[in-house]
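Understanding the architecture of this molecule
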Amino acid sequence: MSKIKFQRKFLAIPYGIFLVLFVIIPMVLIVVYAFSNTDPVTNKTTFSFDNLTTFFSNSYNLHTFLISLAIGLGNTLICLIIGYPIAYILAKKEYKFNYIIVLLFIMPMWINFVLRTAATRDLLFAMGLSGGEHPYISTMIGMVYNYLPFTILPLYTTMLKMDKSLIEASMDLGANKVQTFTKTIIPMTLPGIISASSMVFMPTMSSYVISDVMGERQISLIGNIIQLYFDQGLWNLGSFVALILLVIILGFMIATRNMEKEDNVRGGLW
Amino acid sequence: MKNSNKIIELKNICKEYDGVLAVDNFNLYVKKGEFVTFLGPSGCGKTTTLRMIAGFEMPTSGVILLNGEDISKLPPYERPVNTVFQRYALFTHMDVYDNIAFGLKLKKIKYTYVDKKGVTKEKYRKYTNEEIDEKVRKALKIVDLEEFEYRDVATLSGGQQQRIAIARAIVNEPQILLLDEPLGALDLKMRKEMQEELKAMHKKLGITFIYVTHDQEEALTMSDTIVVMKDGMIQQIGTPEDIYNEPKNAFVADFIGESNIYSATMVGDKMVRFINHNFVCVDEFELHEKVDVVIRPEDIILGNENEGMVNGKLISKTFKGVHYEYVMMVGRNEVVIQTTDNFEINKIASISIDPFNIHIMKKEFTVNKYSDAWIDKNNNVVISEEPFECDITQLVPGSHVDEEGYVVDQHGIKYDFTDADVIAEISLKDIEVIDNEEDGIVSGEIVSIIYKGDHYQIIVRTEEDEDFVIDTEYTWNEFDKVSVKVDPKKIKLTLKAEVKEYVKD
């Protein structure tokens, strides 16, 4: 008779293996690549900060980095401004046609991403907004269009959970509509705002398809740089840029962890 | 200003949701410093009324006067009232201190100052941090949670959260404190404690309390005045003693405390007959009038056989702590008796009732009356959207229905009653309740059951909101889905218009 009894935690083994293979090892590799250099002649790999100095001494790279940051922040902000009221309306149960609105936002996601982006560009062109002439505006439109559903969904789920009597309590205690919004509704939906922001900000910075298509290759984002380096076989430099993104994500998560009071029960792997 | 000390007055308040009246012509005034309780079963409109006072709902019609001024159109944040919510509604993103300080930080207070020219002027300012601090600490002291300022609200127990919710409301020094079933989520022991504390707090603070509950005991314990509500209408307003001892109708009697309710007839001057016996009473009603009689179980004196007024057999005995509860069968009627004396069951015993303890009320329902019934083209009477095959020849004496469907009288005059508006009356005994929703003519839900000694009086409400009041011997449960069947020949019809208007030429 076998001594090993089936335990529920064994079900986590496939995920554990997956995690190590596709998340932990690649991350370690990125860090290793970012801080090493391979001599093309001797093929010897050594530890070095060359990538760091190379990246930050290049003004084009810095410029691209700042542009990416601006577009990322801008897109996040616009998505929140548009998505927040929509999510609020959706979460109110008294409107009968909520599912139609949800469908309207979900439906474009069923169409292939590249095709959709190209179609958006052509549509804007037909309306008189050429991506070549106004690369930033059309890139922003493309970004917002693409990431809006990702903003609405997390906001919608937090708003559904929000106790409506809190809004009444706030008004009861003397807060007018604006004060109720800023002092009660916004803080209560902060977890949703944070998760919506993280779902929009990072992908925006690292994507390059939308900016390439919409801006007709006049705008480079961080994603473009990584792609460029990898295409040229500069794995170490590319990894370093990827590491910068990783650090930003990490910083964002640490900064928001304290703000997010919601007690999400996240157990360990076992 | 009016000289009265009425702090709030509700005049002809109605509230409609999608055509259904939730609150129907509500009239009430509350005196300053009073503890008023709205009591009633769920869906009676008590919470809706409270929410209209708070400003979360606007009345469909009527006015709410606070100190003589109309506040019905004011938003909640401009009303000097505060609410304690059923589920506390504490802000989870703030600690205890910030929750209580929430209202204070928003408040603007008026102050006067003398400017450089020596003119006294009025200005508004916010509370200073020290003032807020002092008030928050005072409020925490009142609710007995002094060391909890910086605790996260999620770490508090239900009772503690409720105290914080109360502190958050009273810290604003409202003119009226509204409490919406605040103790509903607490366990029994905690609830009793909080009842006492709320009562003490009311005395100490001197604020007017308006309290909503479905718990009659809570209402009796705490209030100065109880407003009993049912179906959006006030049934009775009175002190706890009044409501308990002098219930106005069978509903109030049944809802407040335990009671024996019987259908009775006045058989003489201050003489009433029920459970097959004549009793002397103190209330005066017309001779032969059908009435409802209420006797509290503790007001019935149990004695040995032939010692009392009526004999009966004790069929059950339950120990209830302080007293025993007996059930006696007198003929086909059940009598519930509470006494500390010990009697043997399955033996004959007797009861006597002090005339003063026999409470007689006007009978609410003697007949079901449907004043918006009409006759369809098949000569059926339509009640609550359902056709009933009735005998429509009763509308014209000595008539019959011919093969074309017209009513023909003795003189051969034809009447066409299609679409005629009639009043239909059905006696309480002529309606049958059927378990299966499909088998009857109209289906509905049982919304009320009142036991009347030897039968139940139940109310079946249809989807069209029509009520059928039925006397039945069988037990049903509230919210049972049933259907009703009526013997069509027993439906009494009266035309609304003159009969000659329906003559067919």
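Keep in mind that what you see is a predicted model, and the values were worked out from it rather than measured.

Conventions used here
Residues numbered from 1 in each chain as written. Chains lettered and ligands numbered in written order. Predicted model: local features only at pLDDT ≥ 70, side-chain atom pairs only at ≥ 80, totals over all residues. Heavy atoms only, no water. Helix = DSSP H or I, 4+ residues; strand = E, 2+ residues; numbered from the N terminus. Buried < 20%, exposed > 50% of the residue type's maximum accessible area, 1.4 Å probe, protein only. Contact = heavy atoms within 4.5 Å. Core = buried A, V, L, I, M, F, W, Y, C linked by side-chain atoms within 4.5 Å. Domains from an automatic or database assignment. Pairing = 2+ DSSP bridges. Axes fitted to C-alpha atoms, helices over the stretch in contact; angles between N-to-C directions. Patch = residues over 30% accessible without salt bridge, like charges linked within 9 Å, V, L, I, M, F, W, Y side chains within 5 Å. Areas by Shrake-Rupley, 256 points an atom, 1.4 Å probe, with all protein chains shown as cover. Salt bridge = Lys/Arg side-chain N within 4 Å of Asp/Glu carboxyl O. Lys, Arg positive; Asp, Glu negative; His and termini not counted. Charge placed at Lys NZ, Arg CZ, Asp CG, Glu CD. pLDDT = per-residue confidence, 0-100. Phe/Tyr/Trp six-rings, centres within 6.5 Å; stacked < 30°, edge-to-face > 60°. Lys NZ or Arg CZ within 6 Å of the ring centre and 35° of its normal. Buried area = accessible area lost by both parts, 1.4 Å probe. Polar contact = N/O pair within 3.5 Å; in protein donor to acceptor, adjacent residues only side chain to side chain. Nonpolar A, V, L, I, M, F, W, Y, C, P; charged D, E, K, R; others polar.

**Concerning the overall build of chain A**
The secondary structure content of chain A amounts to twelve helices and two strands. Reading chain A from its N end, one meets helices and strands in the order α-β-β-α-α-α-α-α-α-α-α-α-α-α. For chain A, the C-alpha atoms occupy an extent of roughly 75 × 75 × 40 Å along the three principal directions. Classification of the 270 residues of chain A by burial places 39% in the buried group. Of the contacts formed within chain A by residues at least 6 apart in sequence, a portion of 72% connects residues at least 24 apart.

**Focus on unusual backbone geometry**
The residue R217(A) is not glycine, and still its phi comes out positive at about 60 degrees. Within the fold, R217(A) resides in the loop between helix 10 (209-214) and helix 11 (222-231). We classify R217(A) as exposed; its relative accessible area is 67%. Phi is positive for E181(B), close to 40 degrees, though the residue is something other than glycine. Relative to the helices and strands, E181(B) resides in the loop between strand 9 (176-180) and helix 5 (188-205). Classification of E181(B) by relative accessible area gives buried; the value is 10%.

**Focus on the nonpolar core**
Counting 66 residues, the largest nonpolar core has I8(B), F26(B), F38(B), I176(B), L178(B) and I210(B) as its most contacted members. Ranked by residue count, the leading element in this core is helix 3 (residues 59-91) of chain A, at nine residues. Setting aside residues no more than four positions away along its own chain, F38(B) makes contact with F26(B), L28(B), K46(B), T49(B), L50(B), I53(B), I210(B), Y211(B), V212(B), T213(B), V227(B) and M229(B). Membership of the second largest hydrophobic core comes to 38 residues, among which are A101(B), I166(B), A169(B) and M194(B).

**Quick notes on the domain arrangement of chain B**
If you check the domain split of chain B, you get domain 1 (1-80 + 174-245), domain 2 (92-172), domain 3 (259-362) and domain 4 (367-502). If you average the C-alpha positions of domain 1 of chain B and of domain 3 of chain B, the two centres end up 35 Å apart.

**Notes on the sheet that holds strand 14 (residues 271-274) of chain B**
All names here are of chain B. The five strands lie next to each other as 15-14-13-16-22, forming an open sheet whose pairing is antiparallel. In the strand order of this sheet, the two ends are held by strand 15 (277-280) and strand 22 (359-362), each with one partner. Across the sheet, the axes of successive neighbouring strands diverge by a mean angle of 45 degrees, strand direction being ignored. For strand 14 and strand 15, the ladder comprises four bridges, and the chain directions are antiparallel. Along strand 15, the bridge assignment pairs R273 with N278.

**A closer look at the environment of V433(B)**
Considering the arrangement of structural elements, one finds V433(B) in strand 30 (residues 431-434). When sequence neighbours within four positions are dropped, the list of residues in contact with V433(B) reads I458(B), I470(B), W476(B), V482(B) and S483(B).

**Topic: a negative patch on the surface**
All names here are of chain B. Judged by side-chain charge, E385, E386, E437, E438, D439, E463, E464 and D465 come together as a negatively charged surface patch. For E463, the location among the structural elements is in the loop between strand 32 (456-462) and strand 33 (467-472). Using a relative accessible area of 74% as the deciding quantity, one classes E463 as exposed.

**Things to note about helix 2 (residues 96-106) of chain B**
Counted residue by residue, helix 2 of chain B has nine buried out of eleven residues, so it is predominantly covered. Among all positions of helix 2 of chain B, only V96(B), Y97(B), N99(B), I100(B), A101(B), F102(B), G103(B), L104(B) and L106(B) are buried. Those residues of helix 2 of chain B that are buried lie in contact with helix 7 (164-172) and helix 8 (177-188) of chain A together with strand 7 (108-114), helix 3 (129-142) and helix 4 (158-170) of chain B.

**Observations concerning the confidence of the model for chain A**
In this model, chain A carries an average pLDDT of 85, and 93% of its residues clear a pLDDT of 70 or more. The model gives residues 261-270 of chain A a pLDDT under 50, and that stretch makes ten contacts with residues more than four places away or in other chains.

**Observations concerning the packing of aromatic side chains**
Under the counting rule described, the total for this entry stands at 27 aromatic pairs over all chains. Between the aromatic rings of F274(B) and F279(B), the centroid separation amounts to 4.5 Å while the plane-to-plane angle is 15 degrees, which identifies the pairing as stacked. Taken individually, F274(B) and F279(B) each receive the classification buried, so the pair is uniform in this respect. Taken together, the aromatic side chains of F35(A), F47(A), F49(A), F55(A), F56(A) and F240(A) make up a single cluster linked through ring pairs. Note that K6(B) overlies the ring of Y29(B), its terminal NZ or CZ placed 4.8 Å from the centroid.

**Overview of the interface of chain B and chain A**
Facing the 21 residues of chain B at the interface are 18 residues of chain A. Note on chain B versus chain A: buried area summed over both sides is about 1800 Å², and carbon and sulfur give 63% of it. Counting across the interface, chain B meets chain A through one salt bridge. Here R51(B) and E168(A) are joined by a salt bridge, their closest N and O atoms 2.6 Å apart. Where chain B touches chain A, the interface holds five residue pairs in polar contact (both at pLDDT 80 or more). Only helix 1 (46-54), strand 6 (81-84) and helix 2 of chain B provide two or more residues apiece to the side of chain B that touches chain A. Residue composition of the side of chain B that touches chain A, by class: twelve nonpolar, six polar and three charged.

**Description of the pattern of salt bridges**
Considering all chains together, one arrives at 25 salt bridges over all chains under this definition. Across the pair D231(B) and R461(B) runs a salt bridge whose closest N-O atoms are separated by 2.9 Å. Linking D231(B) in the loop between strand 11 (225-230) and strand 12 (233-238) with R461(B) in strand 32, this pair joins segments that are 230 residues apart in sequence. For D402(B), the salt bridge is made with K414(B), and the minimal N-O distance between the two is 3.9 Å. Of the two residues, D402(B) sits in the loop between strand 26 (400-401) and strand 27 (407-408) while K414(B) sits in strand 28 (residues 414-415), which places them twelve residues apart along the sequence. When its relative accessible area of 13% is taken as the criterion, D402(B) is described as buried. Residue K414(B) is classed as partly exposed on the basis of its relative accessible area of 28%. One salt-bridge network, held together by shared partners, links E168(A), K15(B), R51(B) and E57(B).

**A word on the environment of E9(B)**
Residue and element names in this part refer to chain B. Assignment of secondary structure puts E9 in strand 1 (residues 6-17). Judged by its relative accessible area of 14%, E9 is buried. Beyond its immediate stretch of four places on either side in the chain, E9 contacts L28, Y29, V63, I64 and L65.

**Examining the sheet that holds strand 9 of chain B**
All names here are of chain B. Across the sheet, six strands lie side by side as 6-9-10-3-11-12; this open sheet has mixed pairing. Where the open sheet ends on each side, the last strands, each with one partner, are strand 6 and strand 12. Direction aside, neighbouring strands of the sheet carry axes that sit 20 degrees apart on average. Of the pairings in the sheet, the one linking strand 6 to strand 9 comprises four bridges and is parallel in character. When the bridges of strand 9 are listed, V81 appears paired with I176.

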